[in-house]
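Architecture and fold: a report
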Amino acid sequence: MEFQKEPGRIFALGEDGKLLAEITFPTGEDGVADIDHTFVDESLRGQGVASQLVRAAAEELRAQGKRAKTSCWYAAQWFEKHPQEQDLLYKD
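Below is a short write-up of the structure. The structure presented is a predicted model; accordingly, all values stated were derived computationally and were not measured.

A separate point is the layout of surface pockets. Computed from the structure, the largest pocket encloses a volume of approximately 240 Å³. Taken together, 15 residues make up the lining of the largest pocket; nearest its centre are Thr38, Val40, Ala50, Trp73 and Tyr74. At the level of elements, β5 (37–40), α1 (49–63) and α2 (73–81) are the ones that each hand at least two residues to the lining of the largest pocket. Broken down by element, the residue count for the lining of the largest pocket peaks at four residues, all from β5. Class assignment of the residues belonging to the lining of the largest pocket gives a composition of eight nonpolar, five polar and two charged.

Counting across every chain of the model gives two aromatic pairs. For the ring pair Trp78 and Phe79, a centre distance of 5.0 Å and an interplane angle of 85° mean the geometry is edge-to-face. By relative accessible area, which is 3% here, Trp78 ends up buried. Taking NZ or CZ as reference, Arg9 lies 3.8 Å from the ring centre of Phe11, over its face.

The rules behind these values
Residues numbered from 1 in each chain as written. Predicted model: local features only at pLDDT ≥ 70, side-chain atom pairs only at ≥ 80, totals over all residues. Heavy atoms only, no water. 1 Å grid on protein atoms, 1.4 Å probe; cavity = no way out; pocket = protein on both sides within 12 Å on 5 of 7 lines; lining within 4 Å. Points joined across faces, edges and corners; volume = space filled by probe spheres on them. Helix = DSSP H or I, 4+ residues; strand = E, 2+ residues; numbered from the N terminus. Nonpolar A, V, L, I, M, F, W, Y, C, P; charged D, E, K, R; others polar. Phe/Tyr/Trp six-rings, centres within 6.5 Å; stacked < 30°, edge-to-face > 60°. Buried < 20%, exposed > 50% of the residue type's maximum accessible area, 1.4 Å probe, protein only. Lys NZ or Arg CZ within 6 Å of the ring centre and 35° of its normal.

Here's what the structure looks like:
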């Protein structure tokens, strides 16, 4: 699946322009990005697309030298399952 990128957002559209997958991670005034939303269309669920989205967001934030927090439950679970990526998480 090919993802498109915008500041604070990675997503995929179907050929008809329908949103198929999305993750959003706006950066707050403190410079920390909040991974706050992950969406995968029902037709793609169970295929690892959400995991690909979180990984893509993590890579994007790492490349930008930013830290992340997770208010999205899926992203929080993903980081728990990927301890090698937890250095990206902002610690209060």
